[in-house]
Each structure stands twice: as C-alpha cells, then as structure tokens.
Amino acid sequence: MFCTRCGAPNGDEWVHCSNCGAPLKKVEPPEDAVSPTPTATPAPVTPAPAEPAPVTPAPVEPGPVPPMGSGPVVAPSQYTPAPKAASTSKLPIIVAIVVALAIIGAAAAFASGAFDPRDGSTSASEHAVSTSAGEADEEESATEEEEAAAEAEESESQDDAESESSSAAEEESPLPVSETPPASRALDLSDAGTYAQVNTFISNFSEVEMGDMPDVSMAPSEDLATFAVKHVGRNSFSEWEEAPSSNPGWGLPRDDKWSGGPNGMRGWRLSADRVDELVTRYFGRSIDFTEIAVNQHPGWVVYEDGYVFFGTTNGASWPGGVALAKAAYDLPDGTVEIEFDVYNNFGYDATDQSLYSCTPAQIMDRLGVDGPISTGVAVVRQGAYNEYTGGLVLVSYSTSKV
C-alpha cells in the first residue's frame, strides 16, 4: 500500500509508513481499477464507491518495521506527494557533513598556508571559517608562547635558586684546602741516605743551640762567627787554642754568661780562616771581621791579628741536640722547607753518625728520653757539594721549646 501522507510504498502488513511514520489504512480499490505498473505514473483517480475492488500494488523492497499503531489507509490512486518532515529528512545531515568537511579542509589549508583570506580567493563563508581557524590558531599559539615563557621563567628562577644555593653552600662550606703541601721531590725523606744527610746538616745548628736566624743573608758577622766557634768545639774540640796572656783579647769586659776564664776574659781562639771556611760552607757567605774587631766590639767573639777570640771552657756543654726531619716541602723559589724535632740527653756523642739515621722511636730509645726538647723549621737551598753538608746551604732557621 502507499502512504496517504508522503505516497511512499509500504507492505500490506505494515501499520505505519516506513518513510514518514504516518499511520497506514487499507483501502480496497474498485473492482475495475487497473494495477499500476512500476514504470507508469499513476493518474489521478476519483474516489470509488463504498465497496472498491481490491488493487494489487507494485512490488516493493521490504523496509524496516514501523512502530505499532493504527491509522487511516489511503488507496494508491489517492497518492499525493507531501513535503518531507524536517525531523526525518536526511538533507540536514548531509549539509552538516559537508559543512564539517569544509571547516576541516579550511583549517588544514590555513594551517599549511595554502591560501590567505586577505587575497579575496575565498568566499565569505570560507573566509569566516579560515578566520575563525586562524584566530583559534593564534589563541593556541599565544597560549603556547605564554606557557613556554612561564616555563622558561620558572626554569630560570630554579637555576637562580640553585646558583644562589650553590654559592651559599660554597660560602658556608668552602672547598677543603690541603693543610699539608706535597712532599719535596728535591729532598726525598723516604730515601734513607737523603734522610740521614738532612738530619746531619740540620743537627750542625741544633747541637749548638743556635738562636733564630730568619734571614742568613742579613745575619750579623758575630752570629756567624759564634756558630763556627761552637761547631768546632762540639765536633773537633782539639782545634781550639788557648790564647796567650799577652793577647789583646784578654781582659776586655764581657756582657754575657759565656765569659770564661778569670775575670771574664777570652781564653780561647780559633783561626779566622777556619771560621770563614765554616761560615762559607754552611751559610754560603763570607764574614766581615771588621764588624767584630777587638778594639770596638764587646761581644762574645772578637777578631784580632788573624784569630777570633772567645771565652769558654767546655764547648760540649751547650744544651743542643740531634735534629730529625719530619717533613720537607718544595717552595716556589726553589728552596726546601724542612720541619724537624730536636732530641738531647746532654751526654750523647755528636760525632756518632749512626744517630742521624734513627727514627724518632729509635733516637728516644738510644738517648733514653721520652720526646723532643724543641721543634723547628729550616729552609735550605742547594749549593756546591761537599762531604759535610751534601750540598745544602742554610737560608733560615728557627726553633721553639716543646
């Protein structure tokens, strides 16, 4: 049967139109009605009398079963096409799809730079779509730029904070500084021969309890001559000579405890050449004897007629000791700083060379002492080699009591 509203063909058993959903009502056609053919357009027919003849409709494809219901049925001869309802038409769907595709295409073209709305090559609607897409892209780009700027600012803030934290940490906890410089390569104390030679050299000064000499190059001639005299008295006492009573050195007033002899007179002498030799060997300089001339110098030593006169009776009585090096460090100017301790029992033999190879434990056992009597620092440099000094020359010397 045909729908009386839209004229769409429906099955005989259907209750509602498969196209518009209107109720279908069977109407018996008049007996003399002719079945329409699929290719012919049905001609308008005047409604038949109350008892119309049955009409066989053209075959149709079965469609979906409409919802159950009832309604009037109109014969095919009364079919008049009616406008399709907006709610059931497929045209809006198609139009929506086309518009969506147009928007997507316009957005893609705009993003790829395929066209510019300003050149007039697009229609008003396309221009509106592209403009909207462009504005959206600009907004999205602006948002991305703002986010990137915010991230960069946050990262920079974090970097600054980390830098400040690092700086603060460095200020609070500075890098550890080595308290002990590297050991000397010029004087390797781990070598037994070098160790013994360094100890022997430093002991020449510690054994006579030589006072501080911050700068040998500026030391007074009296101090240098005094070292030479005491050194001989400690190591080769036989070189001392008793001064004759007629010598001008006798009878001069004394101003220190080492006067010696009756009435504080200088009773001993040593060749000026020997004194100068020792000063040159250990200090690398010569002595100016005019500074200690007998007629103008009231010190412990005086010079007269090729001799240095002095007053003492026992050169081995000075409270010095054996120096043992603890460490040696190279200095920028090529010199070497040596740290040492001094051990003494006031009865050892300074000429016993085995003492200068001892370790601290060994020297304390040998001398029968519990520890050093003083500690000191000496700076030395390399000079002309000789068997007594091993080529070392004193640059400065100082000690302090333990």
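The coordinates are above.
For every chain, the first residue of the written sequence is number 1, and numbering continues from 1 onward in sequence order. Only residues with pLDDT of at least 70 get local features here, since the model is predicted, and only at 80 or more are side-chain atom pairs given and counted; chain-wide, interface and lining totals rely on the full set of residues. Only hydrogens and water are set aside when side-chain values are computed; all heavy atoms of the structure are taken into account.

### Considerations on the packing of aromatic side chains
What counts as a ring pair is set by centres within 6.5 Å for rings of Phe, Tyr and Trp (its six-membered ring), and what kind of pair is set by the plane angle: stacked under 30 degrees, edge-to-face over 60, tilted for all other angles. Enumeration according to the criterion identifies 15 aromatic pairs in this entry. Consider the rings of Phe205 and Tyr397, whose centres lie 5.9 Å apart with planes at 50 degrees: the pair is tilted. Residue Phe205 is found in helix H3 (residues 192–206), and its partner Tyr397 is found in strand E8 (residues 392–401); the two are separated by 192 residues along the sequence. Each member of the pair, Phe205 as well as Tyr397, carries the same accessibility label: buried. Three or more aromatic residues joined by ring pairs make a cluster, and in this case those are Phe201, Phe205, Phe227, Tyr282, Phe283, Phe340 and Tyr397. Directly above the ring of Tyr307 sits Arg269, whose terminal nitrogen or CZ lies 3.9 Å from the centroid. Secondary structure elements follow DSSP: runs of H or I no shorter than four residues count as helices, runs of E no shorter than two count as strands, and numbering proceeds from the N terminus. A simple rule labels every residue: compare its accessible area, found with a 1.4 Å probe on the protein chains alone, to the largest value its type can have, and call it buried under 20%, exposed over 50%, or partly exposed in between. In this scheme, Lys NZ or Arg CZ marks a charge over a ring once it lies within 6 Å of the ring centre and within 35 degrees of the ring normal.

### Notes on the environment of Gly306
Looking at where Gly306 falls in the secondary structure, it is placed in the loop between strand E3 (301–304) and strand E4 (307–310). A relative accessible area of 27% places Gly306 in the partly exposed class. Distance in space between the C-alpha atoms of Gly306 and Leu270 is 8.8 Å, their sequence separation being 36 residues. By definition, residues are in contact when any of their heavy atoms lie within 4.5 Å. Sequence-distant contacts of Gly306, that is, excluding residues within four places in its chain, are made with Ser271 and Ala272.

### Structural notes on the pairing of E4
A pair of strands is considered paired only if DSSP assigns at least 2 bridges between the two. Pairing between strand E2 (residues 268–271) and E4: 4 bridges, direction antiparallel. Each bridged residue has a counterpart across the sheet, and for Trp268 the counterpart in E4 is Phe310. Across 4 bridges, the pairing between E3 and E4 is antiparallel. What sits directly across from Tyr303, in E4, is Val308.

### Some thoughts on the pairing of strand E5 (residues 322–330)
The element E5 is extensively covered by neighbouring structure, given that 7 of its 9 residues are classed as buried. Bridge count between E5 and strand E6 (residues 336–343): 8 bridges; the pairing is antiparallel. Bridge pairing links Ala325 to Phe340 in E6.

### Structural notes on the side chain of Thr389
Inspection of the secondary structure puts Thr389 in the loop between strand E7 (374–382) and E8. Relative accessible area serves as the criterion here: at 0%, Thr389 is assigned to the buried category. There is a polar contact of 3.2 Å between the side chain of Thr389 and the backbone nitrogen of Gly391. Pairs of N or O atoms within 3.5 Å make up the polar contacts considered here, provided that, within protein, one atom can donate a hydrogen while the other can accept it, and that residues adjacent in sequence are counted only when both atoms are side-chain atoms.

### Examining H3
The terminal C-alpha atoms of H3, which comprises 15 residues, lie 21 Å apart, in line with the 21 Å expected from a rise of 1.5 Å per residue. Turning to H3, its buried residues number three or more, namely Tyr195, Ala196, Val198, Asn199, Thr200, Phe201, Ile202, Ser203, Asn204, Phe205 and Ser206. Where H3 starts, the residue carrying a side-chain oxygen 3.3 Å from the main-chain nitrogen of Gly193 turns out to be Asp191. Expected span, for any helix, means 1.5 Å times one less than how many residues it has.

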